[in-house]
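An overview of the molecular structure
These are the residues of each chain, in order.
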Amino acid sequence: MALLHTVNKSPFEKNALESCIRLALKGSSILLMEDGVYGAVKGTAKSSLVAGAKGKIAVYVLGPDLDARGVSKDKLIDGVKVVDYGGFVDLVAQHSATQAWL
Amino acid sequence: MSDEGGTIKKFMYVNRKAPYGTIYALESLEVVLIGAAFDQDVSLAFVDDGVYQLVKGQNTKGVGMKNFSPTYNALGDYDVNKIYVEKESLDARGLTVDDLLPLKYEDEDDDWAEKDSICVISSAELAKLFDQQDVVFSF
Amino acid sequence: MKFGILVNEGPYTHQASDSAYQFTKAALAKGHTIDRVFFYHDGVNNGTRFTTPPTDDRNLVNLWGGLAKEHNIDMVVCVAAAQRRGICDADEAKRHGKDGNNLADGFRISGLGQLIELGIQADRLVVFGD
């Protein structure tokens, strides 16, 4: 069981996503939530962060936070999975511990 | 809540924020000091701007705030002596371990010899440490 | 599974308290137990009953209080953080000679040891903050 990392900051404003990916072990997972969901969008100056982690880290994004911000699911980087709060709960239960990149 | 007495968990306090600009560093240190009484397997990690918390020579007279950096020196007395600083974060900020507080502890398993608490490690090593934790506190 | 929740920010300025509330509700709906919600840093501001948002906005203080009552959740406001930010119950008000108190129903004030204990006893600790 590996760690679940949560990132709630926009990658355009803070380095939380960048640091999280640098310090996330292969086989761990990242959940992008709150302003962190902008890191899951393809075709941006920061898309390479998540795209580059593919194969090493499973990336999830919180659907209600996408919806609140008007981010359409068809704009997500390939391979990013959308979960709701129930899915967030399942991810916490399925991983050995949760690390919040505040 | 039931008391499962005797449980020892691996607790990691992750510090990623600079001191003074926000209160997180100070109040995080307060948790570490209280937590030391609970006999868990505690370690601290300083990453990103968190490394600025450990910089020596802090003088808060001019800003009128309490200088809490001397408190880090007391961590050794609380048996909090596993303090990991990420090398990449130091490098990115033009810092070396010589810029940091010389935190020490007395090793009871080695005739109370005085040893360094701070251990500068790479991102790869820190990632492995994070992965072993039962509880990760971040503030 | 037993979950512990740490909330590091107050209501409204940051989404942290909303996210923590939605997570807690979802965890309960899935049959998990929430041992305790611990409020630290500006998170203590989730525990003042003087909060009066506009009527068309959610009242996070009442939402937390209602959830605590319905599911018997222990909701703890850190005493040291609360004192810094002017949150007190009747006992605290008396001890410090204040002319009133503002702790909301469903919350109690206690020490940081309650957070450490939560970390030890819960199967998972989830942190919400900024």
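Rules of the game
Residues numbered from 1 in each chain as written. Chains lettered and ligands numbered in written order. Predicted model: local features only at pLDDT ≥ 70, side-chain atom pairs only at ≥ 80, totals over all residues. Heavy atoms only, no water. Buried < 20%, exposed > 50% of the residue type's maximum accessible area, 1.4 Å probe, protein only. Helix = DSSP H or I, 4+ residues; strand = E, 2+ residues; numbered from the N terminus. Contact = heavy atoms within 4.5 Å. Salt bridge = Lys/Arg side-chain N within 4 Å of Asp/Glu carboxyl O. Buried area = accessible area lost by both parts, 1.4 Å probe. Nonpolar A, V, L, I, M, F, W, Y, C, P; charged D, E, K, R; others polar. Pairing = 2+ DSSP bridges. Axes fitted to C-alpha atoms, helices over the stretch in contact; angles between N-to-C directions. Polar contact = N/O pair within 3.5 Å; in protein donor to acceptor, adjacent residues only side chain to side chain. Right-handed = clockwise from strand over helix to strand, strands pointing away. Core = buried A, V, L, I, M, F, W, Y, C linked by side-chain atoms within 4.5 Å. pLDDT = per-residue confidence, 0-100.

Let us now look at helix H1 (residues 16-23) of chain A. A large share of H1(A) lies buried, amounting to six of its eight residues. Buried residues of H1(A): A:Ala16, A:Leu17, A:Ser19, A:Cys20, A:Ile21 and A:Leu23, and no others. As for H1(A), its buried residues are in contact with strand E1 (3-7), strand E2 (29-32), helix H2 (47-53) and strand E5 (97-101) of chain A together with strand E3 (83-86) and helix H4 (123-131) of chain B.

This paragraph deals with the pattern of salt bridges. In this structure the tally under the stated criterion is 25 salt bridges over all chains. Between B:Asp49 and B:Arg93 there is a salt bridge, with its nearest N and O atoms 2.9 Å apart. Residue B:Asp49 is found in the loop between strand E2 (41-46) and helix H2 (69-73), and its partner B:Arg93 is found in the loop between helix H3 (87-92) and strand E4 (104-107); the two are separated by 44 residues along the sequence. B:Asp49 gets classed as partly exposed once you look at its relative accessible area, which sits at 32%. Its salt-bridge partner being C:Arg108, residue C:Asp74 comes within 2.7 Å of it at the nearest N-O pair. Of this pair, C:Asp74 sits in strand E3 (residues 74-78) while C:Arg108 sits in strand E4 (residues 107-110), placing them 34 residues apart in sequence. The structure contains a network of salt bridges with shared partners spanning B:Glu27, B:Glu30, C:Asp42, C:Arg84 and C:Arg85.

Before going further, it helps to examine the interface of chain A and chain C. With 20 residues of chain A in contact, the opposing surface of chain C contributes 19 residues. Roughly 1500 Å² of surface becomes buried between chain A and chain C when both sides are summed, with 62% attributable to carbon and sulfur atoms. The three residues of chain A that bury the most area against chain C are A:Tyr85, A:Val89 and A:Leu102, which together make up 34% of that side's buried surface. There are two salt bridges connecting chain A and chain C. Put simply, the parts of the chain that give the side of chain A that touches chain C at least two residues each are helix H4 (85-94) and E5 of chain A. Counting residues per element, the side of chain A that touches chain C draws most heavily on H4(A), which supplies seven residues. When grouped by side-chain class, the residues that make up the side of chain A that touches chain C number 10 nonpolar, five polar and five charged.

Take the sheet that holds strand E1 (residues 10-15) of chain B next. All names here are of chain B. Judged by pairing direction, the sheet is parallel, and its five strands sit side by side in the order E6-E3-E2-E1-E7 without closing on themselves. Edge positions in the sheet fall to strand E6 (118-121) and strand E7 (135-138), since each has one partner strand and no second. For this sheet, the mean angle separating the axes of adjacent strands, direction not counted, is 25 degrees. With four bridges joining them, E3 and E6 adopt parallel strand pairing. The partner of isoleucine 83 across the bridge, within E6, is isoleucine 118.

It is worth spelling out the interface of chain B and chain C at this point. Taken together, the contact between chain B and chain C spans 25 residues of the former and 24 residues of the latter. Buried surface at the junction of chain B and chain C, summed over both partners, amounts to about 2100 Å²; 59% is from carbon and sulfur atoms. Measuring nitrogen to oxygen at the nearest pair gives 3.0 Å for the salt bridge that ties B:Glu27 to C:Arg85. Joining chain B to chain C, the criterion identifies 11 residue pairs in polar contact (both at pLDDT 80 or more). Going through the elements one at a time, E1, helix H1 (24-35) and E7 of chain B are the ones with two or more residues in the side of chain B that touches chain C. Residues that form the side of chain B that touches chain C fall into these classes: 13 nonpolar, six polar and six charged.

What follows concerns the pairing of strand E3 (residues 58-62) of chain A. Residue and element names in this part refer to chain A. A large share of E3 lies buried, amounting to four of its five residues. Bridge count for E2 against E3 is four bridges, and the pairing is parallel. Residue isoleucine 30 lies in a different strand from E3, and its bridge partner there is valine 59. Since E2 and E3 lie parallel, the crossover through H2 that links them has a hand, and here it is right-handed.

Another point: unusual backbone geometry. Of all residues except glycine, most have a negative phi; of all peptide bonds, most are trans. Here A:Glu34, not a glycine, exhibits a phi torsion of approximately 45 degrees, which is positive. Within the secondary structure, A:Glu34 sits in the loop between E2 and H2.

With that out of the way, let us pick up the environment of B:Gly21. Summarising the element assignment, B:Gly21 is placed in the loop between E1 and H1. When the C-alpha positions of B:Gly21 and B:Lys9 are compared, they lie 32 Å apart, and in sequence the two are 12 residues distant.

Another aspect to go through is the nonpolar core. Within the largest apolar cluster, 86 residues are counted, with the highest numbers of intra-cluster contacts made by A:Phe88, B:Tyr13, B:Tyr72, C:Phe23 and C:Trp64. For this core, the leading source of residues is helix H1 (residues 16-29) of chain C, giving seven residues. Discounting chain neighbours no more than four positions away, the residues touching B:Tyr13 are B:Val31, B:Val32, B:Gly35, B:Val42, B:Ser43, B:Leu44, B:Ala45, B:Phe137, B:Phe139 and C:Ile116. Counting 35 residues, the second-largest nonpolar core is a separate cluster that includes A:Leu17, A:Val37, B:Ala45 and B:Leu129.

So, on to the confidence of the model for chain C. Any segment with low pLDDT has predicted coordinates that should not be analysed in fine detail. Scored by pLDDT, chain C comes out at a mean of 97, with 100% of its residues at no less than 70. Note on the complex model: pTM 0.97, ipTM 0.97.

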